[in-house]
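Structural overview for review
Residue strings, one per chain:
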Amino acid sequence: RRLLVFGGVVRPHKGVELILDSLVALGDPAVALLVVGPETDHLKALRAHSAYAPYLLCAGSQPKERMPEFLSLADAIVLPLRNDPLSHSQMPCKIFEAMAMGKPMIGSAVADLPDVLSGCGWVVPPDDPNAIAERLRWIFAHPAESAAAGAALRQRCVERYSQAVTERALLKIVRDLTGWIPPVPSPR
């Protein structure tokens, strides 16, 4: 079975139903979405939708330390944020967790996702399950290219979004704004 993994709290602006609509469009019961997170009212409604039943698996809430284990099961990650003000005002940390795992990734053209995924992931129009389905078809039909994209995502994560890189960038901002030179952090 091919597996997509969504880790987090399922809420309307996160677009999980777009993933499910794309799986319905694919029409392949060998592809499923695993949701790792609490059972919200929105997730309950998705589970009750008869067209989604063959494609939706739920692992429930899990300790954060187990997220890499669940992400390692994924053949691809889809982050289909909706085109709404709440989605435009955030950058989900799950994108960086998935990038660190080196998985092929599709994101919607919302907030900073196009910039983060540029050149190593795929960006689709927001609220477009058919575009997600077409990209998933391509990913599944091109495993070598998809694996290379996942490796490029991991490399980008290390180079741009790792703790060490982020720490240096934040300290530079503080220094530039305040003139304060923080003590050198001890090596990790």
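Just so it is clear, the structure is predicted and the values come from calculations on it, not from any experiment. (Residues numbered from 1 in each chain as written. Predicted model: local features only at pLDDT ≥ 70, side-chain atom pairs only at ≥ 80, totals over all residues. Heavy atoms only, no water.)

This paragraph deals with the sheet that holds strand β3 (residues 56–58). Strand order across the open sheet formed by 3 strands is β1-β2-β3, with parallel pairing between neighbours. Pairing within the sheet leaves two strands with one partner each, and these edge strands are β1 (2–7) and β3. On average, each strand axis in the sheet is tilted by 25° relative to the strand beside it, whichever way the strands run. Across the sheet, helix α1 (residues 16–26) lies against β1, β2 (31–36) and β3, angled at about 165° from β2, the strand it touches most. Along the sheet face, helix α2 (residues 41–48) touches β2 and β3 and points at about 135° away from the line of β3. (Pairing = 2+ DSSP bridges. Helix = DSSP H or I, 4+ residues; strand = E, 2+ residues; numbered from the N terminus. Axes fitted to C-alpha atoms, helices over the stretch in contact; angles between N-to-C directions. Contact = heavy atoms within 4.5 Å.)

Within this model, the largest pocket holds a volume of roughly 190 Å³. In terms of lining, the largest pocket is formed by 14 residues, of which the most central are G7, G8, V36, K64 and M67. Of the residues contributing to the lining of the largest pocket, the split by class is 6 nonpolar, 5 polar and 3 charged. As for the second largest pocket, its lining consists of R2, D75, G102, P104, I139, F140, P143, S146 and A147. (1 Å grid on protein atoms, 1.4 Å probe; cavity = no way out; pocket = protein on both sides within 12 Å on 5 of 7 lines; lining within 4 Å. Points joined across faces, edges and corners; volume = space filled by probe spheres on them. Nonpolar A, V, L, I, M, F, W, Y, C, P; charged D, E, K, R; others polar.)

Applying the stated criterion across every chain, the model contains 2 cavities of 30 Å³ or more. Residue lining of the largest cavity: V5, F6, G7, M67, L71, I77, L79, K94, E97 and A98, and that is the complete set. For the lining of the largest cavity, the secondary structure elements donating two or more residues are β1, α3 (67–71), β4 (77–79) and α5 (94–100). Of the residues assigned to the lining of the largest cavity, the class counts are 7 nonpolar, 1 polar and 2 charged. In this structure, the second largest cavity encloses a volume near 40 Å³.

The subject of this paragraph is the pattern of salt bridges. One pass over the full model with this rule turns up 7 salt bridges. Across the pair R66 and E69 runs a salt bridge whose closest N-O atoms are separated by 2.9 Å. Among the salt bridges present, the one from D176 reaches K172, with a minimum N-O distance of 2.6 Å. Of the two residues, D176 and K172 are both situated in helix α9 (residues 163–178); the distance of 4 residues between them amounts to about one turn of the helix. Among the residues examined, D176 registers a relative accessible area of 53% and is labelled exposed. Among the charged side chains, a network of salt bridges with common partners joins E17, R82 and D127. (Salt bridge = Lys/Arg side-chain N within 4 Å of Asp/Glu carboxyl O. Buried < 20%, exposed > 50% of the residue type's maximum accessible area, 1.4 Å probe, protein only.)

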